[in-house]
Amino acid sequence: MKQANSISNRRQFLADTARTASAVTLLAFGLGLYARQVQSLPATAIRPPGAIAEKNFLSACVRCGLCVRDCPYDILKLAGPADTISIGTPYFEARKIPCEMCDDIPCVKACPSGALDKDLLDIDNARMGLAVLIDQETCLNFQGLRCDVCYRVCPLIDKAITLDLQHNRRSGKHSLFIPVVHSDACTGCGKCEHACVLEESAIRVLPYTLAKGELGEHYRFGWKEKQKAGKSLVTPDEQHEFNLPKGMEYDYDGKGLIQNNDDVPFSSNPLDSLNRQTEQNP
Amino acid sequence: MSATIYPGKAAVETYGWLQAHKWLLLRRLSQTSIFVLFLLEPMAGIWIIKGNLASSLIFDVLPLSDPFLLLQSLFAGHALETTLMTGTLIVTVFYLLVGGRVYCSWVCPLNMVTDLAARLRGKFKIKGGIHFSRQLRYWVLGMTFIMATVTGTMAWELFSPVSAVQRGIIFGMGSIWIIVMAVFVFDLFISRHGWCGHLCPVGAFYSILAIPSLVRVSAVNRDQCDDCMDCFTVCPEKQVINPALKGQEFNRGPVILSANCTNCGRCIDVCAKEVFKFSHRFKNSSHIPVVGNKEARS
C-alpha cells in the first residue's frame, strides 16, 4: 500500500512537472517569436543620439525613461504597448519633431545602462540615422526650383547637406541645385525631414542599415588607387591627343577638360572674333 | 471556513475599522505615493525622483535600479554599467532588509489590481478556474533568463505586465489599461491569485533575492489563535502561514520564514487576537513561551 502510494505520488509529481515544463516552454516559444518580430525597428523610429547598435540596444536598455525626462525639448518618447516598437524603449520621429542636437547631450548623460554610449562627447559625431533624399520626383529642387529648405535648416549646413549644381535640361539655361547628403557629416537629427515643405517629406532619415550601401571588401576604384600610389598602376597615362579639340587638355586629377591658353587659335574675348569677322567682310 | 461574513470582521469589531486596516492603508499609501513622486516632475515641475521603477535617480544623485532587469540584461549579453550596478546594489540591500516581496505588496501597482480581483472573487463566490503550481513562477523566472540569452534581448520585458503598467502610469500611456484589465480578468475568472501568486517571475525573483531578509511577520501570539481562518482567507500566499502559526508542536519558531510571504501585513490587520506582528527573522525561538505554556496546548 505504502509502495503503491509512493509510485502514484511519483507519477503525479512527474506528470505535474511535465505539464508545467510544457506550459512554460510554450510561453517561451511565443515570447521568442514575438521578440524576433519587434527586433526590427520601424524605419521612421529613430533612437536617441549615442544609441548602440539596435541588437545590443535591446539587451542594454532597461526602459527607465531617464533620457526622455532629461530631453529639454520633449522630443523622445517611450514606446507604448500599442506601438510596433519594442515596448518601453525610447525613440523619436523626425517628421513630427527632430533632435535639437544639444551640445551637452543630456539624454546620453542620463542613461544608466550604457544603451546610450557615454563616449559620445561631440553631438556632431552622433549617427542616429542618415538623411536620404528619397523622392527626386517631388523634391522641388530637383524640378529646378530654389526651395533649399532642407539645406538651410541643416545644423551642419554645407557639410552634411550641400547643394550641387547640375544643368537644367528642361529650361536649357538654368541650374538645378541638387541637395546632396554626406554620410561623413550627417547626424540623422531629422531637421531636414521635419522641415521639408512637401505634404510627405522627400528627404527622410533612415536607419543606416537601410540608407547605406557597402562596397565589397575587395572592390577598388582605379582613380583612387592611382591617387594613393601617385601614378597609374596599370598602364602609363596617355593624353587623349586625337580626340580632344584643339587647345584643350585633359586633367586626370578631376578637373576634366581644361583650356591650354597658349595653344588656342581664338582670343578669350568673344568680341575679338566678331571684330575680326567685320574686318574680313567690311 | 470562517463563520464571519467577511474576513476581518471580528478585528473590525474589536479594534475599529482603521486599526483593522492599518497595514492595508499604509500599503496603498506607499503604492500610490511612489507614483505621485514620479509624476511630480511632469505634473508640477518638482524634481524628487525621475525615471521609473526600472531605474531612477533621486535628487539627481542617488541611483536606484531593478536587479531583475540587470540580470536579464546580463543574460542578454550586455556588459555591466557602473550606474546601473550601483542602483541595483542599493535596491538589493533595501530588500534584504525589508523583505524581497515587499516589492510586490508595497510597490508594484498591479498589486492593487490583483488584490481587488481576489476580493471580488471572495465576495461573489467565484470558484474554480485553472489551478497552477506555486512553483510555476520559478519555471517562468528561469524561462525569462533563458529567453534573454536565446534572443539576445530582454525578451520578458516585451511581455511583462508589471513593467508595462508601472512605466505606463509614469509616462502617461493610455493603452496600459488593456494590460491592467487582462491581469484583472485573469485573476478574477481564470485563476485565483493566478498572476502574483503563481506566474509572475518578478515576484519569484524578489523572493529568491531576499531569502535571508531581515523583517518578517511573526505569529508571536500563536497561542491565542482561535482558528477563525481569517488570516488564511486574506493571505495571498496562504501556504506560508501554517508552518509558523501551527509550528509549535513541531518545535518551529513563530516567524514566517517563507520567502514568498510578501510582508503585506494583512494577517496582522484581520486577526482579532493579535497573533501576528512585524518582527525580524532572528527572534524565532520556539522555546520562548509567549502566553501560557505550550505543553498545555499540545
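Let's talk about the overall build of chain A
Then comes step 1: Within chain A one finds 9 helices and 9 strands.
Then comes step 2: Radius of gyration (C-alpha) of chain A: 31 Å, far over the 19 Å computed for a compact globule of 282 residues.
Then comes step 3: Principal-axis analysis of the C-alpha atoms places the extent of chain A at approximately 135 × 50 × 35 Å.
Then comes step 4: Looking at chain A as a whole, 37% of its 282 residues are labelled buried.
Then comes step 5: Long-range pairs, those at least 24 residues apart, make up 56% of the contacts in chain A with a sequence separation of at least 6.
Then comes step 6: In the form shown here, chain A has an accessible surface area of approximately 17800 Å², with 53% of it arising from carbon and sulfur atoms.
Then comes step 7: Charge-centre separation for chain A: the mean point of 32 positive side chains lies 11 Å from the mean point of 35 negative side chains.

Observations regarding the side chain of Arg101 of chain B
Then comes step 1: Position of Arg101 of chain B relative to the elements: it lies in the loop between α4 (82-98) and α5 (102-107).
Then comes step 2: What makes Arg101 of chain B buried here is its relative accessible area of 2%.

Notes on the interface of chain B and chain A
Then comes step 1: Counting from both sides, the interface comprises 40 residues of chain B and, opposite them, 37 residues of chain A.
Then comes step 2: Summed over both partners, the interface of chain B with chain A comes to about 3300 Å²; 72% of that surface belongs to carbon and sulfur atoms.
Then comes step 3: Inspection of the chain B/chain A interface yields 2 salt bridges.
Then comes step 4: For the salt bridge of Asp70 of chain A with Lys50 of chain B, the shortest nitrogen-to-oxygen distance reads 2.7 Å.
Then comes step 5: For the side of chain B that touches chain A, the leading source of residues is helix α7 (residues 136-151) of chain B, giving 6 residues.
Then comes step 6: Here the side of chain B that touches chain A is built from residues that sort into 24 nonpolar, 11 polar and 5 charged.

Some thoughts on the sheet that holds strand β2 (residues 77-78) of chain A
Then comes step 1: As summarised here, the arrangement of the 3 strands in space is β1-β3-β2 (chain A), forming an open sheet in which the pairing is antiparallel. Either end of the sheet is taken by a strand with one partner, and the two such strands are β1 (45-46) and β2 of chain A.

With respect to helix α2 (residues 22-44) of chain B
Then comes step 1: Roughly 40 degrees is the biggest bend found in α2 of chain B, and it falls at Phe38 of chain B, with proline Pro42 of chain B one to four residues downstream.
Then comes step 2: Count one or two residues on from α2 of chain B and you reach Gly45 of chain B, which has phi positive near 75 degrees.

Description of a nonpolar patch on the surface
Residue and element names in this part refer to chain B.
Then comes step 1: Together, Ile130, Met181, Val185, Phe189 and Ile190 make up a nonpolar patch on the protein surface, roughly 440 Å² of accessible area in all.
Then comes step 2: Summarising the element assignment, Met181 is placed in helix α10 (residues 176-190).
Then comes step 3: Given a relative accessible area of 46%, Met181 falls into the partly exposed group.

Here we look at a negative patch on the surface
Then comes step 1: There is a patch of like negative charges on the surface, built from Asp103, Asp104, Asp122 and Asp124 of chain A.
Then comes step 2: Positionally, Asp122 of chain A belongs in the loop between α4 (106-110) and β4 (130-133).

Some points on helix α3 (residues 67-75) of chain B
Then comes step 1: Where α3 of chain B is concerned, the buried positions are Pro67, Phe68, Leu69, Leu70, Gln72 and Ser73 of chain B.
Then comes step 2: Where α3 of chain B is buried, its residues meet α2 (54-60) of chain A together with β3 (62-65), α4, α7, α8 (155-159) and α12 (201-209) of chain B.
Then comes step 3: Following α3 of chain B by one or two positions, Gly77 of chain B adopts a phi angle in the positive range, close to 100 degrees.

Considerations on the pattern of salt bridges
All names here are of chain B.
Then comes step 1: The final tally for this structure, using the stated rule, is 19 salt bridges over all chains.
Then comes step 2: Note that Asp115 is salt-bridged to Arg28, the shortest N-O span being 2.8 Å. Of this pair, Asp115 sits in helix α6 (residues 110-123) while Arg28 sits in helix α2, and the two are 87 residues apart along the sequence.
Then comes step 3: The residue Arg137 makes a salt bridge to Glu237 at a minimum N-O spacing of 2.9 Å. Here Glu237 lies in the loop between α13 (230-234) and α14 (241-245) and Arg137 lies in helix α7, a separation of 100 residues in the sequence.
Then comes step 4: Through salt bridges with shared partners, a single network forms among Arg101, Arg134, Arg137 and Glu237.

Comments concerning the packing of aromatic side chains
Residue and element names in this part refer to chain B.
Then comes step 1: Scanning the entire structure with this criterion turns up 15 aromatic pairs over all chains.
Then comes step 2: Residues Phe75 and Phe145 carry aromatic rings whose centres are separated by 4.7 Å and whose planes lie at 20 degrees to one another, so their mutual orientation is stacked. Pair noted here: Phe75 is in helix α3 and Phe145 is in helix α7, with a separation of 70 residues, a long-range link.
Then comes step 3: On the accessibility criterion, Phe75 (39% relative accessible area) is partly exposed.
Then comes step 4: Assessed through its relative accessible area of 11%, Phe145 is described here as buried.
Then comes step 5: Judged by centre distance (6.2 Å) and plane angle (25 degrees), the rings of Phe132 and Phe186 are stacked.

Let's talk about the nonpolar core
Then comes step 1: Core analysis: the biggest nonpolar cluster contains 117 residues, and Tyr103, Trp195, Leu245 and Phe276 of chain B have the highest contact counts within it.
Then comes step 2: Ranked by residues supplied to this core, first place goes to α10 of chain B with 7 residues.
Then comes step 3: Apart from the residues lying within four places of it in its own chain, the contact partners of Tyr103 of chain B are Leu53, Tyr95, Cys108, Val162, Val202 and Tyr206 of chain B.
Then comes step 4: Formed by 10 residues, the second largest nonpolar core is a distinct cluster that contains Leu66 and Ala110 of chain A together with Ala54 and Leu57 of chain B.

Thoughts on the environment of Met128 of chain A
Residues and elements named next belong to chain A.
Then comes step 1: Among the structural elements, Met128 can be located in the loop between α4 and β4.
Then comes step 2: What makes Met128 buried here is its relative accessible area of 11%.
Then comes step 3: The spatial distance from the C-alpha of Met128 to the C-alpha of Asp83 is 20 Å, given a sequence separation of 45 residues.
Then comes step 4: Residues in contact with Met128, not counting those within four places in the same chain, are Ile46, Arg47, Pro48, Pro49, Phe92, Cys99, Met101, Thr187, Gly188 and Cys189.

A short note on the confidence of the model for chain B
Residues and elements named next belong to chain B.
Then comes step 1: Residues with a pLDDT of 70 or more make up 94% of chain B, whose mean pLDDT is 87.
Then comes step 2: When the elements of chain B are averaged for pLDDT, helix α16 (residues 294-297) gives the smallest value, 45, and α5 the largest, 94.
Then comes step 3: The low-confidence segment residues 292-298 (pLDDT under 50) makes 7 contacts with residues lying over four places distant or belonging to another chain.
Then comes step 4: Predicted complex, confidence summary: ipTM 0.84, pTM 0.82.

Some words on the sheet that holds strand β2 (residues 55-58) of chain B
Residues and elements named next belong to chain B.
Then comes step 1: Taken in spatial order, the 3 strands make up an open sheet running β1-β2-β3, and their pairing is antiparallel. Lying at the two open borders of the sheet, with one neighbouring strand each, are β1 (49-52) and β3. This sheet shows a mean twist of 10 degrees between the axes of neighbouring strands, independent of strand direction.
Then comes step 2: One ladder, built from 4 bridges, connects β1 with β2; its direction is antiparallel. Bridge pairing in β2 links Lys50 to Leu57.
Then comes step 3: Contacts between α4 and the sheet are confined to β2 and β3, with β3 contributing the most and set at about 75 degrees to the helix.

Calculation notes
- The residue count restarts for each chain, going from 1 along the sequence in the order it is written.
- Labels are handed out in written order, letters beginning with A for the chains and numbers beginning with 1 for the ligands.
- Given that this is a predicted model, residues contribute local features only at a pLDDT of at least 70 and side-chain atom pairs are listed and counted only at 80 or more, while totals for whole chains, interfaces and linings are drawn from all residues.
- For side-chain calculations, the full set of non-hydrogen atoms in the structure is used, while hydrogens and water are omitted.
- Each helix is a run of H or I in the DSSP string that is no shorter than four residues. Each strand is a run of E no shorter than two, and both are numbered from the N terminus.
- Radius of gyration here uses only the C-alpha atoms, and the compact-globule reference equals 2.2 Å multiplied by the residue count raised to the power 0.38.
- Throughout, exposure labels follow a simple rule: accessible area from a 1.4 Å probe, protein chains only, divided by the maximum for the residue type, with under 20% read as buried, over 50% as exposed, and the rest as partly exposed.
- In this analysis, two residues are considered to be in contact whenever any of their non-hydrogen atoms come within 4.5 Å of each other.
- Note on areas: these come from Shrake-Rupley sampling with a 1.4 Å probe, and a residue is covered only by the protein chains present in the view.
- When charges are counted, Lys and Arg are positive and Asp and Glu negative, with His and the chain ends excluded.
- For this purpose, a charge sits on NZ of Lys, CZ of Arg, CG of Asp or CD of Glu.
- Summed over both partners, the accessible surface that disappears when two parts come together, traced with a 1.4 Å probe, is what is meant by buried area.
- One speaks of a salt bridge when a side-chain nitrogen belonging to Lys or Arg is within 4 Å of a carboxyl oxygen belonging to Asp or Glu.
- Each residue gets one of three labels, nonpolar for Ala, Val, Leu, Ile, Met, Phe, Trp, Tyr, Cys and Pro, charged for Asp, Glu, Lys and Arg, and polar for the others, Gly among them.
- Here, any two strands with at least 2 DSSP bridges between them count as paired.
- Bend is the name given here to the angle between axes fitted to two runs of seven residues, the run ending at a residue and the run starting at it.
- Surface patches are defined over residues having more than 30% relative accessible area and no salt bridge, joining like charges when they lie within 9 Å and nonpolar side chains (Val, Leu, Ile, Met, Phe, Trp, Tyr) when within 5 Å.
- Note on aromatic contacts: the rings of Phe and Tyr and the six-membered ring of Trp form a pair at centre separations within 6.5 Å, being stacked when their planes are under 30 degrees apart, edge-to-face when over 60 apart, and tilted otherwise.
- In this text, buried Ala, Val, Leu, Ile, Met, Phe, Trp, Tyr and Cys residues form a nonpolar core when linked through side-chain atoms within 4.5 Å.
- Per-residue confidence from the predictor is given as pLDDT, running between 0 and 100.
- Axis lines are fitted through C-alpha atoms, for helices just across the contact stretch, and the angle between N-to-C directions can take any value from 0 to 180 degrees.

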